[in-house]
Amino acid sequence: MRTIDEQAIKSTSFRQRILRDGRLLLRIAHMLYAYLVGGRRIRRAYRAKESRGEVFLVDEEMPS
Amino acid sequence: MKVQDPPPPTYAFDYKNPPRSGNEINGLNQEEKTRARHVFHNATGESLPWNALDEFFSQINVWGVVKHMLANIWQLRRQDGPLREPQIKVEDPVAMTAEIKARARDLGIGLVGVTAMFDEALYEGYEVSHRYAICLGLPMDRKEMLQAPHERAAVEVMRAYKDVSRIAVELSEQIRAMGWPAKAYGNPNSTDILHIPLAVRAGLGELGKHGSLISREYGSNFRLATVVTDLPLVSNEPVDLAVDDLCKSCRRCVVDCPPGAIFNEKQLVRGEKKWYVDFDKCIPYFVKTYGCAICIEVCPWSEPGRGPNLFKKLMARREKQHCE
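Throughout what follows, the structure given in this document is the object of discussion. (Residues numbered from 1 in each chain as written. Chains lettered and ligands numbered in written order. Predicted model: local features only at pLDDT ≥ 70, side-chain atom pairs only at ≥ 80, totals over all residues. Heavy atoms only, no water.)

1. A few points about the interface of chain A and chain B
Here is step 1 of the chain: Facing 36 residues of chain A, the contacting portion of chain B comprises 40 residues.
Here is step 2 of the chain: Between chain A and chain B, roughly 3,500 Å² of surface is buried when both sides are summed, and carbon and sulfur atoms account for 64% of that area.
Here is step 3 of the chain: Counting across the interface, chain A meets chain B through two salt bridges.
Here is step 4 of the chain: One salt bridge connects Arg77 of chain B with Asp21 of chain A, and the closest N-O pair in it is separated by 3.3 Å.
Here is step 5 of the chain: Where chain A packs against chain B, one counts 11 residue pairs in polar contact (both at pLDDT 80 or more). (Contact = heavy atoms within 4.5 Å. Buried area = accessible area lost by both parts, 1.4 Å probe. Salt bridge = Lys/Arg side-chain N within 4 Å of Asp/Glu carboxyl O. Polar contact = N/O pair within 3.5 Å; in protein donor to acceptor, adjacent residues only side chain to side chain.)

2. Here's the deal with the state of the cysteines
Residue and element names in this part refer to chain B.
Here is step 1 of the chain: Taken as a whole and judged by the stated rule, the model has zero disulfides over all chains.
Here is step 2 of the chain: You can see Cys253 has no disulfide; the closest cysteine sulfur is in Cys250, sitting 6.3 Å from it.
Here is step 3 of the chain: A relative accessible area of 9% places Cys253 in the buried class.
Here is step 4 of the chain: In this model Cys295 remains outside any disulfide bridge; the closest cysteine sulfur is found in Cys292, 6.2 Å from its own. (Disulfide = S-S within 2.5 Å. Buried < 20%, exposed > 50% of the residue type's maximum accessible area, 1.4 Å probe, protein only.)

3. Concerning unusual backbone geometry
Across residues other than glycine, the phi torsion is negative in most instances, and most of the peptide bonds are trans.
All names here are of chain B.
Here is step 1 of the chain: Along the chain, Glu85 connects to Pro86 via a cis peptide bond; the corresponding omega equals 0°.
Here is step 2 of the chain: Along the chain, Pro86 falls in the loop between α3 (63-75) and α4 (93-106).
Here is step 3 of the chain: Residue Pro149 follows Ala148 across a cis peptide bond; omega there is 10°.
Here is step 4 of the chain: With respect to the element layout, Pro149 can be found in the loop between α5 (142-145) and α6 (151-176).
Here is step 5 of the chain: Positive phi is not limited to glycine here, since Tyr290 has a value of about 60°. (Helix = DSSP H or I, 4+ residues; strand = E, 2+ residues; numbered from the N terminus.)

4. Overview of the environment of Met31 of chain A
Here is step 1 of the chain: Mapped onto the elements, Met31 of chain A comes out in helix α1 (residues 14-52).
Here is step 2 of the chain: Take Met31 of chain A: its relative accessible area is 25%, and that puts it in the partly exposed class.
Here is step 3 of the chain: Setting aside anything within four residues of it in sequence, one finds Met31 of chain A in contact with Met69, Leu70 and Ile73 of chain B.

5. Examining a negative patch on the surface
Here is step 1 of the chain: Together, Asp119, Glu120, Glu127 and Glu272 of chain B give the surface a local cluster of negative charge.
Here is step 2 of the chain: Here Asp119 of chain B is to be found in the loop between β2 (111-116) and β3 (132-139). (Patch = residues over 30% accessible without salt bridge, like charges linked within 9 Å, V, L, I, M, F, W, Y side chains within 5 Å. Areas by Shrake-Rupley, 256 points an atom, 1.4 Å probe, with all protein chains shown as cover. Lys, Arg positive; Asp, Glu negative; His and termini not counted. Charge placed at Lys NZ, Arg CZ, Asp CG, Glu CD.)

6. Topic: the pairing of strand β7 (residues 222-229) of chain B
Here is the key point about a regular strand: its side chains alternate between the two faces of the sheet.
All names here are of chain B.
Here is step 1 of the chain: Across the eight residues that make up β7, a large majority, eight, are buried.
Here is step 2 of the chain: Neither face of β7 is open: one carries Phe222, Leu224, Thr226 and Val228, the other Arg223, Ala225, Val227 and Thr229, and all of them are buried.
Here is step 3 of the chain: Summarising the sheet, β3 and β7 pair through eight bridges and their orientation is antiparallel. For Tyr132, the partnering residue across the bridge sits in β7 and is Thr229.
Here is step 4 of the chain: Where strand β4 (residues 182-185) and β7 come together, four bridges link them in antiparallel fashion. Bridge assignment links Lys183 to a residue of β7, and that residue is Val228. (Pairing = 2+ DSSP bridges.)

7. Some thoughts on α3 of chain B
Here is step 1 of the chain: Its 13 residues place the ends of α3 of chain B 18 Å apart at the C-alpha level, agreeing with the 18 Å of an ideal helix rising 1.5 Å per residue.
Here is step 2 of the chain: Looking only at α3 of chain B, the buried set comprises Gly64, Val65, Val66, His68, Met69, Leu70, Asn72, Ile73 and Gln75 of chain B.
Here is step 3 of the chain: Packed against the buried residues of α3 of chain B are α1 of chain A together with α2 (51-60) and α6 of chain B. (Expected span 1.5 Å × (residues − 1).)

8. Focus: the packing of aromatic side chains
Here is step 1 of the chain: For the coordinates displayed, the defined rule picks out 14 aromatic pairs over all chains.
Here is step 2 of the chain: Arranged with centres 5.2 Å apart and planes meeting at 25°, the rings of Phe56 of chain A and Phe56 of chain B form a pair that is stacked. A residue pair is termed interchain when its members come from two chains, as with Phe56 of chain A in strand β1 (residues 56-57) and Phe56 of chain B in helix α2.
Here is step 3 of the chain: Through pairs of rings, three or more aromatic residues link up here, namely Tyr15, Phe40, Trp50, Phe57, Phe279 and Phe286 of chain B.
Here is step 4 of the chain: We note Arg43 of chain A situated over the ring of Tyr35 of chain A; from NZ or CZ to the ring centre the distance is 4.2 Å.
Here is step 5 of the chain: Stacked on the ring of Trp74 of chain B, the Lys or Arg Arg77 of chain B has its end atom at 3.8 Å from the ring centre. (Phe/Tyr/Trp six-rings, centres within 6.5 Å; stacked < 30°, edge-to-face > 60°. Lys NZ or Arg CZ within 6 Å of the ring centre and 35° of its normal.)

The values reported here are purely geometric and, on their own, carry no functional implication.
The following block contains the structure:
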């Protein structure tokens, strides 16, 4: 028995979807920027400390 | 599986002011029955004791992991939504359950089971919002996972999380198209539900010594997602794979865990004796290696094709012991 209707799923209004997707895209863009720019600094600082045998303090050296 | 040159459990990162022990937060040696609390990963936005290390983990991770994680967040925007009208009547929940499982398999899932929702499957502070949970398990590529604890395995883990989330989202959309509430939950940044206790009740497998679920088909080499719904369904029963019989004598994950985080005996956790992994030892190594995964890959159950034979042998041994 296949009771599930395969028709397109009813969605929220176009405006609501655009707002929802826009907000999420902004959040993802922010996360991407944080990884590429802020994260690059963190990765460099961490690797430098690692190679010098020092310790990177995650609660002090991470940007808030 | 032989572990390929695992890095030593020494760390070039630390806390200046160490947070409260994760084991303490998790309720290790706690007699009182309480709900689980968030410690490390979560997507609720609340401040957690181990947030700084989680954020550090996100920032030092490899691009292959990050791209799957961002794609997963994007697709989970459709985890919930409006219901289609009119709601279809479900006169035969048994047939509907079979239908939903067939749908999940059509979408590419490897394991599927159903259970009624229960309080202990939710983190502290959350209430049961739906009647049932449809638990989904997607196998990972064993060849990639044999690279654990190196980055190729980490990328495969996140790829599997993304794909099992996609299936959960699509299944939830199909249920909403029938007029019934349904919400998909993906990993690793869940908010309110605990996937493993639900999956145990739904018969996907049993909890192993390494703290992960063990299924007959894939061992621990799979990832979970869940769809919660009010669609009338029929629950599965938990399975008895004799996992405990093997875990009590097998020490493979205990020996191969570089930081020695896996207890050889069951521990008292929030009022219940169960297998438990030492959070404070595991997580720093997990961070250093982008997600480790050694324990799930060295587990004998995870060797392709071995699970069904192990199950038969363990059951035969148990029967023999009963007869003696």
